[in-house]
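Chain by chain, the residues:
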Amino acid sequence: MNKNVLVTGASRGIGKAIAICFAKNGYDVIVHYNGSQQAALDTLEQVKQYSSNSTLVQGNVSRQEDVQQMFKVIKETYGKLDVLINNSGITKDNLCLRMSEQDFMDVMEVNCKGTFLCSKEASKLMIRKKSGCMINMASVVGLCGNVGQTNYAASKAAVIGFTKSLAKELGLRHIRVNAIAPGFIQTQMTDQLSEEVKKQMLSQIPLQEFGTVEDIAQCALFLASENAKYITGQVIQVNGGMLM
Ligand code: NAP
């Protein structure tokens, strides 16, 4: 039986690239989206070229009812989950002084609480078969901070603490939990930044170029593989040397 993977936020960007990469490498892929149904259907179509037993699930990862429903569908369809990739994430940037309570909480809810809710449900499936792998999308910003991103940086630092704690809780059950901290990766999320900010960021990257979604997908594929069987509780930085 093929291994399966749930990729949250696979309608575009990094999640979409991960979904396609895992399908190419023999996984059945559960393509998750929240609002972008058409884009998610497009991801599914591409995924199905490599893995016909792939499927679509919808849900807001910050809502417990949605997440429980998503996992009910996964349990009914596959009876198991081998790999969870907590990739869904949002930004609502502003200087701390100007940031509303709502914008702070929205980012914490999706990035941090969403990771918790999906990991909790995935744990139930993985503990039953005493194996599994979770990969949480953190950020370089969660390690070094960034002007205008107190909410986002706090949420990603929380994801890192969550990753390490869960790795300790689940190690005994042979479930590995790691995080990837991407640097500046070219996606819709980063397209929103001004040319000036992009130029300034490029000057801080020793490899002198922005990362691609494929760079992150290849790292996730490695972490999910047997080649990474002794790696847990780690934060793998994929950032062109931006932070060392
Ligand atoms: P993106 O292009 O903006 O895509 C975000 C994804 O998250 C979409 O598929 C979206 O689904 C989903 N999502 C948003 N709100 C959601 C919610 N409430 N419930 C469930 N899903 C939700 O982002 P990206 O640039 O690919 O980033 C992916 C991950 O990498 C994020 O966690 C991000 O923080 C992290 N990251 C990105 C970079 C970068 O340079 N791009 C750097 C460091 C870390 P719908 O469209 O269907 O709503």
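Presented here is an overview of the structure given in this document. (Residues numbered from 1 in each chain as written. Predicted model: local features only at pLDDT ≥ 70, side-chain atom pairs only at ≥ 80, totals over all residues. Heavy atoms only, no water.)

1. Considering the site of the ligand
Part 1 of the argument: Lining the immediate environment of the ligand, one finds 31 residues, of which S11, R12, S36, Y152 and T187 sit closest.
Part 2 of the argument: S11 is positioned with one of its side-chain polar atoms (N or O) 2.7 Å from an oxygen atom of the ligand.
Part 3 of the argument: For the ligand, an oxygen atom lies 2.7 Å from a polar atom in the side chain of T187.
Part 4 of the argument: If the ligand stood free it would expose 900 Å²; the protein chains cover 94% of that surface.
Part 5 of the argument: Counting residues per element, the ones that place at least two in the shell around the ligand are α1 (13–24), β2 (28–33), α6 (150–170) and α7 (188–191).
Part 6 of the argument: Considered class by class, the residues forming the shell around the ligand number 13 nonpolar, 16 polar and 2 charged. (Near = heavy atom within 4 Å. Polar contact = N/O pair within 3.5 Å; in protein donor to acceptor, adjacent residues only side chain to side chain. Areas by Shrake-Rupley, 256 points an atom, 1.4 Å probe, with all protein chains shown as cover. Helix = DSSP H or I, 4+ residues; strand = E, 2+ residues; numbered from the N terminus. Nonpolar A, V, L, I, M, F, W, Y, C, P; charged D, E, K, R; others polar.)

2. Describing the nonpolar core
Part 1 of the argument: Ranked by size, the top nonpolar core spans 31 residues in total, and within it I18, F22, V29, I85 and I180 carry the most contacts.
Part 2 of the argument: If you list the elements that add at least two residues to this core, you get β1 (4–7), α1, β2, α2 (37–48), β4 (83–86), β5 (132–137) and α9 (213–224).
Part 3 of the argument: By residue number, the principal contributor to this core is α1, which donates 8 residues.
Part 4 of the argument: Once residues lying within four places of it in the same chain are set aside, the contact partners of I85 are V5, L6, V7, T8, I18, F22, I135, M137 and A220.
Part 5 of the argument: Of all hydrophobic cores here, the second largest spans 23 residues; its members include V61, Y78, A122 and A167. (Core = buried A, V, L, I, M, F, W, Y, C linked by side-chain atoms within 4.5 Å. Buried < 20%, exposed > 50% of the residue type's maximum accessible area, 1.4 Å probe, protein only. Contact = heavy atoms within 4.5 Å.)

3. With respect to the packing of aromatic side chains
Part 1 of the argument: Taken as a whole and judged by the stated rule, the model has 2 aromatic pairs.
Part 2 of the argument: Plain terms: the ring middles of F184 and F210 are 4.0 Å apart, the flat faces sit at 25° to each other, and that makes the pair stacked. Of this pair, F184 sits in the loop between β6 (175–182) and α7 while F210 sits in the loop between α8 (195–202) and α9, and the two are 26 residues apart along the sequence.
Part 3 of the argument: According to the relative accessible area criterion, F210 is buried, its value standing at 16%. (Phe/Tyr/Trp six-rings, centres within 6.5 Å; stacked < 30°, edge-to-face > 60°.)

4. A look at unusual backbone geometry
Part 1 of the argument: In this structure, K130 is a non-glycine residue whose phi angle is positive, near 50°.
Part 2 of the argument: Locating K130 in the fold gives a position in the loop between α4 (101–129) and β5.
Part 3 of the argument: A positive phi angle is found at Q208, which is not glycine, with a value near 60°.
Part 4 of the argument: Of note, Q208 is situated in the loop between α8 and α9.

5. Notes on the packing of α1 against α9
Part 1 of the argument: Between α1 and α9, the shortest axis-to-axis distance is 8 Å and the interhelical angle comes to 50°. On the basis of the axis angle, α1 is oblique to α9. The two elements α1 and α9 cross, and the hand of that crossing is right-handed. Between α1 and α9, the contacting residues are G13, I14, A17, I18, C21 and F22 on the first element and V213, E214, I216, A217, Q218, A220, L221 and A224 on the second.
Part 2 of the argument: Split by residue class, the contact of α1 with α9 holds 11 nonpolar, 2 polar and 1 charged. (Axes fitted to C-alpha atoms, helices over the stretch in contact; angles between N-to-C directions. Parallel < 35°, antiparallel > 145°, perpendicular 65-115°, else oblique. Left-handed = near helix turned anticlockwise from the far one by under 90°.)

By themselves these figures say nothing about function.
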